[in-house]
Amino acid sequence: MRVLFLHGWTSVPGGVKPTYLKNACHEVINPSLPDDDFDESVRIAEAEYNGHRPDVIVGSSRGGAVATRDSFIRPVLTGGLNADIMSLSRPMPNRTEAN
């Protein structure tokens, strides 16, 4: 699955959460978003979406706010998932263990 992962404020690409998704065999697009310019973050997210057409958008903290920004989400017509630290920092079973 192709995932557009939008990191939170003061976070950087390649952190624990996008690495977790990558290690779970997902293709992760993880652009660098500026901390000091929300509108630029939305423009970057839109460009990454348009360039890669991911299956899902995951936003962590501020990245979730970027993902659900009306100017971004309405033209894209896609849903966003706002992932919080707790849900991705807990050990998660692999697919075979969960069944």
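Throughout this description, residue numbers start from 1 for each chain and increase along the sequence as written. Only residues with pLDDT of at least 70 are given local features in this predicted model, and only at 80 or more are side-chain atom pairs given and counted; all residues enter the totals for whole chains, interfaces and linings. No hydrogens and no water enter the side-chain calculation; it runs on all heavy atoms of the structure.

Before we go on, may I ask you to explain the confidence of the model for the protein in this structure?
For residues with low pLDDT, the predicted coordinates do not support detailed interpretation. Of the residues in the protein, 70% reach a pLDDT of 70 or more, and the chain-wide mean stands at 78. Every residue gets a pLDDT, meaning the predictor's confidence in that residue, from 0 to 100. Strands here are runs of E lasting at least two residues and helices are runs of H or I lasting at least four, both read from the DSSP assignment and numbered beginning at the N terminus. Here helix 5 (residues 85-89) stands out as the element of the protein with the lowest mean pLDDT, 37, in contrast to strand 2 (residues 27-29), whose mean of 96 is the highest. Note on residues 77-93: pLDDT under 50 across the span, and 26 contacts to partners over four residues away in sequence or across chains. Should any heavy atoms of two residues lie within 4.5 Å, those residues are considered in contact. Scored below 50 in pLDDT, residues 95-99 shows two contacts in the model against residues more than four places distant or in partner chains.

Looking at this structure, how should I read the pairing of strand 1 (residues 2-6)?
Moving residue by residue along a regular strand, the side chains alternate between the two faces of the sheet. A simple rule labels every residue: compare its accessible area, found with a 1.4 Å probe on the protein chains alone, to the largest value its type can have, and call it buried under 20%, exposed over 50%, or partly exposed in between. Of all five residues in strand 1, four are buried, a share of seventy percent or more. Between the parallel elements strand 1 and strand 2, the chain passes through helix 1 (residues 16-23) in a crossover that is right-handed. Viewed with both strands pointing away, a crossover whose connecting path from the first strand over the helix to the second turns clockwise is right-handed.

Explain unusual backbone geometry here, please?
Glycine aside, residues mostly have negative phi angles, and peptide bonds mostly take the trans form. Residues other than glycine seldom take positive phi values, yet C25 does so here, at roughly 70 degrees. Relative to the elements of secondary structure, C25 occurs in the loop between helix 1 and strand 2. In the Ramachandran plot, S61 falls in the positive-phi region, its phi being about 55 degrees despite a non-glycine side chain. With respect to the helices and strands, the residue S61 is situated in the loop between strand 3 (56-60) and helix 3 (62-67).

Please explain helix 1 as it appears in this structure.
Note that an α-helix has 3.6 residues per turn; residues three or four places apart therefore point the same way. All of the buried residues along helix 1 are K17, P18 and L21. One side of helix 1 holds all its buried residues, which, seen down the axis, span an arc of 95 degrees. For helix 1, exposure combined with an orientation more than 90 degrees from the buried face picks out V16, K22 and N23. C25 occupies a position one or two residues after helix 1 and carries a positive phi of about 70 degrees. The directions considered for the arc run from the helix axis to the C-beta atoms.

Please explain the pairing of strand 3 as it appears in this structure.
Judged by how many residues are buried, strand 3 sits mostly within the fold: four of five residues are covered. Paired strands, as defined in this entry, are two strands with at least two bridges between them according to DSSP. In this sheet, strand 3 lies alongside strand 1 in parallel orientation, the contact comprising four bridges. Looking at the pairing, L6 lines up with G59 of strand 3.

I would appreciate a short explanation of the environment of A67 in the present structure.
Note on placement: A67 falls in helix 3. Taking C-alpha positions, A67 is 9.0 Å from E46, a pair spaced 21 residues apart along the chain.

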